[in-house]
Amino acid sequence: MSTSVQTPGTTLRDRFVKLAEMVTTPLLPADYLDVISPLRSGADLRGRVVAIHPETRDAVTVVIRPGRGWRRHVPGQYIRIGVDVDGVRQWRAYSLTSPVDRPDGCITITVKAIPDGTVSNYLVRRACPGMIVQLDQATGEFTLPAVRPAKVLFITAGSGITPVMGILRNFSMVGGGEPIDGIDVVLVHSAPTSDDVVFAGELRMLAAQGRIRLVEQHTDTDGLLDPDQLCDLVPDVAERETWACGPAGLLDTLEERWSADGIAERLHVERFRPTVLVTGEGGTVTFSRTGTALECDGATPILDAGEEAGMLMPSGCRMGICFGCVVPLREGAVRDLRNGAITTAAPHESGDGGVPIQTCVSAAAGTCDIDL
Amino acid sequence: MTTLQKKPHNPVAHLNDEDIENLGRELDVIREQITSSRGERDAAYIRKIIDVQRKLELGSRAVLLFSLFPPAWLAGTAGLSVSKILENMEIGHNVMHGQWDWMRDPKIHSTTWEWDNASPSELWKHSHNELHHTYTNVVGRDNDLGYGIMRVDEDQRWHPFYVAQPLWNFLNACLFEYGIAAYDLELGKNIKLGRTKEPEFRAKAKGVLKKIRKQMTRDYVVHPVLSGPSALPTLGANATANLVRNLWTHSVIMCGHFPEGVETFEKTSIDGETRGEWYLRQMLGSANITGSPFLHLMTGNLSFQVEHHLFPDLPSNRYQEIAPKVQELFERYGLSYTTGPLYKQVGSAWKKVFRLALPNDFLAKVPAPADAPVADQAPAAA
């Protein structure tokens, strides 16, 4: 017994778990507990939708009670949420818009229906309270540093306001009439019309109270936000630490502008979808473990093609940043849809199992053999 | 039966190549109708069945903790038997066919599922999905024709071993899950060829033995011990439930391909087989069972064996819906749709097991049953 380093408590618990597994084999105890209590602690993280509030004509806020395993998020982070749409599980990433310590323990995401968006349209128009969704812990780098800068600029467009709202709502709300938490915040938000501004009431009230400065750009009448205009709207833009979230086109022009000004390190961006820049010829993708072979074109991410064929594909952010979808390419070539970079693998030349590729931003560039 | 190619009256002689390809195209359309309409209702169906099965199992096992009291024993044993049948048939068999893979739920997926059966899912999926469903009823290729222990076709060579095949069939029925495991391991063939020492076989056998040990420990040690004073009745209940499940699944499986009216095929007949011809072989090589919705559920919808063999990966709850369309195709193409109530199909299959225990020439002295029900001789389409 002297060799045992386990405490008696762990041993007892381990034994209990082992016994429970003997009782339920070939399933696991969790498979039965899930039937009774899907949100219990220790279960795969899930949540129950408790309310859905309209925000604009095509955006809603979904209030979710997460399971017992939920850990706090950092304002500005996003969660991955798995929603069963027409019976098919679809994973997407949405920014959290709730304060971290909501009294009822719930979290919220705010979803804008995008054209042909399977999940966003489902959540905006068809979802109802009571449904169970799959969740992942919050993640993401679009957060304020521990030492907060004195002057902050947020540039958002459309649903790009959501992570920023998550940040604003977590500022201390005491001391009405003063700048938020003593920080000088400017928010430049762009939306088609005044009615399309998500959280319009709350933002305008913060502005009216003098807690933030709000600049609304209504693109139907004012045109698209032009980075060259920014100096007029926010004269001290160069002094501000800037966080931007919105469509790829806007973020790209902002990044160009900031690097041209030599202040690229002061700009932080959050992208919702990868920018597909380069496509090419596709090819046959074979998933060698399951023996599935698919004809893929050169513009469709391998992740989407595999899922479409009923494959169980690991997935994550779907925009090439979280590496949750990485699988080994044993043989063949894939193209990175963001920059056209070709990754090749040949048996015996690559390490054990092959070259890891991100399926969410990679399309077939010829015949591929994937170890899945 | 005799393989279709050797029959005096070939039941597909009236169909030309074009007819058969048209038939295939019509079946493709039926398939497409289902795959494009799979959705929330279907997902809710399988989740409900799994939910009900797990609650029934938990409830039955809980009741069996008090199985010293006869009413508890009866209720618990009945519940556990039904639960085990649902788990193997409507859930396990169908999930492992990939019928629910489209849901992308890792917990209900053919690649992750493990079932309450002696044969590990990996092994079973190979011998069932890849071999049986590809070579259905091809004599010499489809080992499901008699499982290697019986002769169920005139064209399978007689051997004195087969004289006792009614007994083998009965024993196989009682121990069906172990029979399946031995079959999936190709135990007989591997012993005969002296391959039991080969690493590949040993690894598979080890997997099977490990699974059997865990299953037996659960049913015959852990649950009885947990039942305390009710240990022995619980052990008996679990053994009974396993026996009931074995007898039931064996009967249902026999009805799939053994009843009179089902056709078999020559080994060479599938060389260069087209998709249409493959469909035709599945149509002629399978038999259905008529009955109530409860019967369909308890057979895992294998009572729609014809539809299942045409479309093994469509969700089982939809077979009933396409059955009339498939039956209409049979009529239009002048083919016979073999079906009947459970007792009749089981009887028919057993009759064949008895009849073919003896060599073919014995049949001359005993009047053989009609080889196939009279086919609907409607003129072929096209």
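Scroll up to find the structure this text is about.
Rules behind the numbers
Residues numbered from 1 in each chain as written. Chains lettered and ligands numbered in written order. Predicted model: local features only at pLDDT ≥ 70, side-chain atom pairs only at ≥ 80, totals over all residues. Contact = placed C-beta atoms within 7 Å. Helix = DSSP H or I, 4+ residues; strand = E, 2+ residues; numbered from the N terminus. Core = buried A, V, L, I, M, F, W, Y, C linked by C-beta atoms within 7 Å. Buried ≥ 20, exposed ≤ 12 C-beta atoms within 10 Å, placed from the backbone. Pairing = 2+ DSSP bridges. Axes fitted to C-alpha atoms, helices over the stretch in contact; angles between N-to-C directions. Parallel < 35°, antiparallel > 145°, perpendicular 65-115°, else oblique. Nonpolar A, V, L, I, M, F, W, Y, C, P; charged D, E, K, R; others polar.

(A) Structural view of the interface of chain A and chain B. Chain A puts 15 residues into the contact, and the matching count from chain B is 27 residues. Counting residues per element, the ones that place at least two in the side of chain A that touches chain B are helix 1 (8–24), helix 2 (29–36) and strand 4 (88–95) of chain A.

(B) Local environment of the nonpolar core. Judged by nonpolar contacts, the single largest core of 68 residues is most densely connected at B:Leu280, B:Met283 and B:Leu310. Among residues more than four places away in sequence, those in contact with B:Leu310 are B:Leu27, B:Tyr279, B:Gln282, B:Met283 and B:Val326. Judged by nonpolar contacts, the second largest core, of 54 residues, contains A:Leu135, A:Ile161, A:Ile180 and A:Val237.

(C) Molecular detail of unusual backbone geometry. A cis geometry characterises the amide bond from A:Thr25 onward to A:Pro26, with omega recorded as 5°. Mapped onto the secondary structure, A:Pro26 falls in the loop between helix 1 and helix 2. One non-glycine residue, A:Asp86, adopts positive backbone phi at about 50°. When you line up the elements, A:Asp86 lands in the loop between strand 3 (78–85) and strand 4. Overall, the presence of 17 C-beta atoms within 10 Å leaves A:Asp86 in the partly exposed class. A positive phi angle is found at B:Asn301, which is not glycine, with a value near 60°. Take B:Asn301: it is sitting in the loop between helix 11 (293–298) and helix 12 (305–310).

(D) How the structure looks around the sheet that holds strand 9 (residues 213–218) of chain A. Residue and element names in this part refer to chain A. Pairing in this open sheet of five strands is parallel, and the strands run 9-8-7-10-11 from one edge to the other. Strands at the two margins of the open sheet, each flanked by one partner only, are strand 9 and strand 11 (267–270). Each strand of the sheet is rotated relative to its neighbour by a mean of 15°, with strand direction disregarded. In the sheet, strand 7 (residues 151–157) pairs with strand 10 (residues 241–245) via five bridges, with the strands oriented parallel.

(E) Representation of the packing of helix 4 (residues 121–132) of chain B against helix 6 (residues 176–184) of chain B in the model. All names here are of chain B. Running from N to C, helix 4 and helix 6 point in directions that differ by 75°, and their axes come no closer than 9 Å. On the basis of the axis angle, helix 4 is roughly perpendicular to helix 6. Residues Leu-123, Trp-124 and Ser-127 of helix 4 lie in contact with helix 6, whose contacting residues are Ile-180, Tyr-183 and Asp-184. In the contact of helix 4 with helix 6, the residues fall into four nonpolar, one polar and one charged.

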